[in-house]
Amino acid sequence: MLTDRYERRFRYLRLSITESCNFKCDYCLPDGPDCSSRRHELTLAEIKRLVRAFAQAGTEKVRITGGEPALRRDLTEIIAACKNTPGIKEVAITTNGYRLERDIEAWRDAGLDAVNVSVDSFNPGTFQLITGDSRLPSILRGIDKAIALGLKRVKINAVLLRGYNFAEYNTFLDYVKFHPVSLRFIELMLTGDNRDYYKHHHVGGDVIQRKLLQEGWESTRKGITAGPALEYQHPDYAGKMGLIMPYSKDFCNDCNRLRISSRGQLFMCLFASQHQDLRHLLQDDAPEPVIQFLQDTLQGKEASHHLHEEFTGSTRHLAMIGG
Ligand code: SAM
């Protein structure tokens, strides 16, 4: 089991398979992606070796992310490769949903267990203002399809944004009333590229947390491979509400995940100042050197990120390594 100096155990791998994205979210990639990054992406063979090594070191869950993972033509094969790795119990994906309606069935058949879809607003105009994309209706149909296909978990991520969706709280609740999804508000995080935007649009999740508790929502227990969200349930709602509050006290105490960038670099934190290249260890089938590298490097993982001090490490935007 991968364990750090603070006795945190790492069973959850977030694997970015591309830095590229076809959406231009204001807070992430407002000017679009750097297309040259695509030629540096890990190959399917390297991904198989990587996931095998992680699984042998105790990883049980892989989340495929990006950039936009559905931009990769071999995404279905990547899902199958992760799922067929002995030890991996759950494969999830985080996507903007633009291929969901078309491809979710193939992904499910390849072994996908769970999907997180980013929907920052249910209002098509606001959605387009934030993301630059007009496909909200298809994305919502894709979510319905994922639910109908019986995926283990369907989650929706919405970044809380003052001036855009913060006032849409009731619309989000109405959706959750009738859809068995977990809808999570993510606090906008400061990154190297979004300082001005952050100053204007960041709003704390505690306001929403207070509202939920006042309205009778109750907090639920987390599983050992669960992500960082606090989840709430309510007897009158089909779905759950969640909050991801990276600025809250003790957020990092139960960190259970490691990240690999699409270039094969280990990020021990979303906001680490340094990353470690391990691609050279993925050139042959032996997993032991990768496991040794992970265990050794992990001893340098810090107790917490330094976002409160406005220190964003080397992370210019989250498309580099996935949220
Ligand atoms: N393209 C996929 C998607 O749209 O979900 C995966 C990558 S995206 C970087 C992953 C998640 O990070 C999305 O939910 C996105 O809204 C969120 N995100 C990006 N930048 C963020 C920021 N600065 N603060 C909080 N969340 C952010």
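So, here's what we can say about the structure. Please read all numbers here as calculations on a predicted model, not as lab measurements.

## Some thoughts on the overall build of the protein
- Looking only at helices and strands, the protein has 9 helices and 14 strands in total.
- For 323 residues, the compact-globule estimate of 2.2 N^0.38 gives 20 Å, and the protein sits close to it at 19 Å.
- C-alpha extents for the protein along the principal axes are approximately 50 × 45 × 40 Å.
- Counting the 323 residues in the protein, one finds 58% classified as buried.
- Long-range pairs, those at least 24 residues apart, make up 73% of the contacts in the protein between residues at least 6 apart in sequence.

## Considerations on the sheet that holds strand S14 (residues 276–277)
- Reading across the sheet, the 12 strands line up as S9-S10-S11-S8-S7-S6-S5-S4-S3-S12-S13-S14 and stay open at both edges, with mixed pairing between neighbours. At either margin of the open sheet sits one strand with a lone partner, and together these are strand S9 (218–219) and S14.
- In terms of strand pairing, strand S13 (residues 265–267) meets S14 through 2 bridges, oriented antiparallel. Across the sheet, residue Gln265 finds its bridge partner in S14, namely Asp277.
- Across the face of the sheet, helix H2 (residues 75–83) comes into contact with strand S4 (61–65) and strand S5 (90–95) while running at roughly 165° to S4.
- Docked against the sheet, helix H6 (residues 169–178) engages strand S7 (153–160), strand S8 (182–187) and strand S11 (240–244), running at close to 155° with respect to S8.

## A closer look at the packing of helix H3 (residues 100–110) against helix H5 (residues 136–148)
- Remark: H3 packs on H5, axes separated minimally by 8 Å, with the N-to-C direction vectors making an angle of 25°. Considered as vectors, H3 and H5 are oriented roughly parallel to each other. Considering how the two elements wind past one another, H3 and H5 form a crossing that is right-handed. Mapping the contact onto sequence places Leu100, Glu101, Ile104 and Glu105 in H3 and Ser138, Ile139, Arg141, Gly142, Ile143, Lys145 and Ala146 in H5.

## Here's the deal with the nonpolar core
- Counting 104 residues, the largest nonpolar core has Leu15, Ile64, Ile143, Phe185 and Leu278 as its most contacted members.
- When residues of this core are assigned to their parent elements, the largest contribution, 6 residues, is made by helix H1 (residues 44–56).
- Once residues lying within four places of it in the same chain are set aside, the contact partners of Ile64 are Leu15, Ile17, Pro69, Leu75, Ile78, Ile79, Cys82, Val91, Ala92, Ile93 and Thr94.

## Re the environment of Gln233
- For Gln233, the location among the structural elements is in strand S10 (residues 230–233).
- Here the alpha-carbon distance between Gln233 and Leu212, two residues 21 residues apart in the chain, equals 9.3 Å.

Parameters and conventions
- Residues numbered from 1 in each chain as written.
- Predicted model: local features only at pLDDT ≥ 70, side-chain atom pairs only at ≥ 80, totals over all residues.
- Heavy atoms only, no water.
- Helix = DSSP H or I, 4+ residues; strand = E, 2+ residues; numbered from the N terminus.
- Rg over C-alpha atoms; globule rule 2.2 N^0.38 Å.
- Buried < 20%, exposed > 50% of the residue type's maximum accessible area, 1.4 Å probe, protein only.
- Contact = heavy atoms within 4.5 Å.
- Pairing = 2+ DSSP bridges.
- Axes fitted to C-alpha atoms, helices over the stretch in contact; angles between N-to-C directions.
- Parallel < 35°, antiparallel > 145°, perpendicular 65-115°, else oblique.
- Left-handed = near helix turned anticlockwise from the far one by under 90°.
- Core = buried A, V, L, I, M, F, W, Y, C linked by side-chain atoms within 4.5 Å.

Interpretation in functional terms is not warranted from these geometric data alone.
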